[in-house]
Amino acid sequence: MSVVIPTRNRRARISALLDRLLADPGDHEIVVVDDGSADGTPEMLAEYARRTGRVVPVVGPSAGSSGARRAGVERASGEILVLLDDDVMPEPGLVAAHAAHHVGTDDLLVLGYMPTTVPDPLPRGAFATLLYAQEYEKSCLGYASDPDLVLTALWMGNVSMSRRRFLEAFESGRMPRFTFRHEDRIFGLVLRDLGVGGIFDRSIVARHVHSRPLEAFLRDCYENGRGREAIHRLYPEVLPQSSEDAYLDGLPGPARSLVATTRREPVRRAVVGALKGGIVAAGAVGSRAGEIQLARIVRKVEQLHGARDLDAAGFEA
C-alpha cells in the first residue's frame, strides 16, 4: 500500500494528517508531493522523513493538484494506492479498510466517505462550507442508490485503486490534455471505459476540513463550470443537458432572469460585484440566510461564466 497526498501551503494540516496516518499500525509508505509550498512544508516533510522512512517527500511539478498526484503515484512503490487530499483528516484504520477491498483484484476503485466539518453556529463568511457540505451529501445519496455514479460522478479526496490502473488511465491517451481543477469526473469516466468498477464505502471516513474565502469560492465555481462543460462535450451521454440549461434550471424566475443577463461580460462583472457586496453586507449584519441565498446566485453566474469560457481556455474535445 502507498498513500499519496498532493499538497501546497498547508503545513499545519499536512502535519496533523501525517500524525494520524503514522499512528495506524502497518508499514504503508506515505508519499507527500509538495507542489511549490512557501510556508515551510518542504522542511517539515524532510524532518518527518528523517524520523521515519515511511514518509517519502517528493518535489512536485508545479502543475496543480492533479499533476502533483500523478508525480506521487509515479514515485510510489505500492501496488495499491490510497489517494487523499491534504485537507482531510482520516479516521483510524482508513488504510487497512481500503486495503481489504482490493484483495485479489486490481480492477476496483473504492470511494470512501468525506463528511464536511460544518461549524455550528455558522460563522460569518463560512457559507461556502455549508454549500459544499450540502452538495457533497447529495452526491453520497446518489452513490448509495446508484453505484454507477461512483465513477460517472467521482468526487476524489478519499479513494483507493491499483497503481497500474491509475497510470493506465493517463497513458491510454483518454485523459484530455486540457487541465482544470475539477477533473475527477473525467478520470472516473476514463476508468469506467477501461473496465474498472467502483464502490462507495461510507465506513471509510476522512473528515473534510473545508474553508473557502469569497474569492476562492468564486474561482472554484468558475472552474466547476469549465469542468462540467468539458464533460458535457466529451461524454454527452453522461451529461446530455447543456451547461446553460443545467445551471438555470431550478432557479426562481427573478434569479433566473438575472443570471441569464450575465452572458455579456460587462453585465457579468457588474452583477458579480453587486452580489459580492451583498454577501459581505449580509455577513456584517449577521444574516447567514442572506449570505447563503446570494452565494447560491453568484455561484450560478460564475459556473456559467466558466462553461462559456471553456473554448477561450484552450479546450479541445
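Residues numbered from 1 in each chain as written. Predicted model: local features only at pLDDT ≥ 70, side-chain atom pairs only at ≥ 80, totals over all residues. Heavy atoms only, no water.

1. Section: the packing of aromatic side chains
Then comes step 1: Here the structure, examined in full by the defined rule, presents nine aromatic pairs.
Then comes step 2: Where Phe-166 meets Phe-187, the ring centres are 5.3 Å apart and the plane angle is 55°; that geometry is what we call tilted. Remark: Phe-187 occurs in helix α8 (residues 184-193) and Phe-166 occurs in helix α7 (residues 163-171); sequence separation between them is 21 residues.
Then comes step 3: Taking the relative accessible area as the measure of exposure, Phe-187 reaches 4% and is therefore buried.
Then comes step 4: Here a set of aromatic residues connected by ring pairs shows up, and it is made of Tyr-113, Tyr-132, Tyr-136, Tyr-143, Trp-155 and Phe-200. (Phe/Tyr/Trp six-rings, centres within 6.5 Å; stacked < 30°, edge-to-face > 60°. Helix = DSSP H or I, 4+ residues; strand = E, 2+ residues; numbered from the N terminus. Buried < 20%, exposed > 50% of the residue type's maximum accessible area, 1.4 Å probe, protein only.)

2. Points about the sheet that holds strand β7 (residues 158-162)
Then comes step 1: With mixed pairing, eight strands are arranged side by side in an open sheet as β3-β2-β1-β4-β7-β6-β8-β5. Looking at strand neighbours, the two that pair on one side only are β3 (55-59) and β5 (88-90), the edges of this open sheet. Across the sheet, the mean angle from the axis of one strand to that of its neighbour is 30°, orientation sign disregarded.
Then comes step 2: With respect to the sheet, α7 is in contact with β4 (80-84) and β7, its orientation differing from that of β7 by roughly 90°. (Pairing = 2+ DSSP bridges. Axes fitted to C-alpha atoms, helices over the stretch in contact; angles between N-to-C directions. Contact = heavy atoms within 4.5 Å.)

3. So, the pattern of salt bridges
Then comes step 1: This model, assessed by the stated rule, comprises 25 salt bridges.
Then comes step 2: Where Arg-164 meets Asp-106, a salt bridge forms, and the shortest distance between an N and an O atom there is 2.8 Å. Taken as a pair, Arg-164 in helix α7 and Asp-106 in the loop between α4 (94-101) and β6 (108-113) lie far apart in primary sequence, 58 residues in all.
Then comes step 3: On the basis of relative accessible area, Arg-164 is assigned to the partly exposed category, the value being 47%.
Then comes step 4: Residue class for Asp-106 comes out partly exposed when judged on its relative accessible area of 25%. (Salt bridge = Lys/Arg side-chain N within 4 Å of Asp/Glu carboxyl O.)

4. Focus: the pairing of strand β8 (residues 197-208)
Then comes step 1: Across three bridges, the pairing between β5 and β8 is antiparallel. Note on β8: the bridge partner recorded for Val-88 is His-208.
Then comes step 2: Pairing geometry for β6 and β8, over six bridges, is parallel. Bridge pairing in β8 links Tyr-113 to Val-205.

5. Regarding the packing of α7 against α8
Then comes step 1: For the pair α7 and α8, interaxial distance at closest approach is 10 Å and the crossing angle is 100°. In terms of axis orientation, α7 runs roughly perpendicular to α8. Residue-level inspection shows Arg-165, Phe-166, Ala-169 and Phe-170 of α7 in contact with α8, the latter providing Phe-187, Val-190 and Leu-191.
Then comes step 2: Counted by class, the contact of α7 with α8 contains six nonpolar, no polar and one charged residues. (Parallel < 35°, antiparallel > 145°, perpendicular 65-115°, else oblique. Nonpolar A, V, L, I, M, F, W, Y, C, P; charged D, E, K, R; others polar.)

6. Topic: the nonpolar core
Then comes step 1: With 67 residues, the main nonpolar core has Leu-83, Leu-84, Leu-109, Phe-166 and Phe-187 as its most contacted residues.
Then comes step 2: Every residue in contact with Phe-166, bar those within four places of it in the chain, is listed here: Arg-69, Arg-70, Val-73, Leu-81, Leu-83, Met-161 and Phe-187.
Then comes step 3: Counting residues in hydrophobic clusters, the runner-up holds 24 residues, among them Ala-255, Val-271, Leu-275 and Val-301. (Core = buried A, V, L, I, M, F, W, Y, C linked by side-chain atoms within 4.5 Å.)

7. Structural notes on the environment of Pro-90
Then comes step 1: Looking at the element boundaries, Pro-90 is found in strand β5.
Then comes step 2: Excluding anything up to four places from it in sequence, Pro-90 contacts Leu-17, Arg-20, Leu-21, Val-205 and Ala-206.

8. Some thoughts on the pairing of β3
Then comes step 1: Sheet topology places strand β2 (residues 29-34) next to β3; five bridges connect them, and they run parallel. Bridge pairing in β3 links Ile-30 to Val-55.
Then comes step 2: Of the crossover connections in this fold, the one passing from β2 over helix α2 (residues 41-51) to the parallel β3 is right-handed. (Right-handed = clockwise from strand over helix to strand, strands pointing away.)

9. Points about the side chain of His-232
Then comes step 1: Tracing the backbone shows His-232 in helix α9 (residues 214-234).
Then comes step 2: Taking the relative accessible area as the measure of exposure, His-232 reaches 16% and is therefore buried.

10. So, α8
Then comes step 1: Within α8, seven of the ten residues are buried, leaving the element largely enclosed by the surrounding structure.
Then comes step 2: Listed in full, the buried residues belonging to α8 are Asp-184, Ile-186, Phe-187, Gly-188, Leu-189, Val-190 and Leu-191.
Then comes step 3: Contacts from the buried residues of α8 go to β6, α6 (149-152), β7, α7 and α9.
Then comes step 4: In the stretch just after α8, Gly-195 is the one whose phi turns positive, near 90°.

11. Focus on helix α3 (residues 64-75)
Then comes step 1: For α3, with twelve residues, the first-to-last C-alpha span of 17 Å sits near the 16 Å given by 1.5 Å per residue.
Then comes step 2: Against the buried residues of α3 lie β1 (2-7), β2, β4 and α7. (Expected span 1.5 Å × (residues − 1).)

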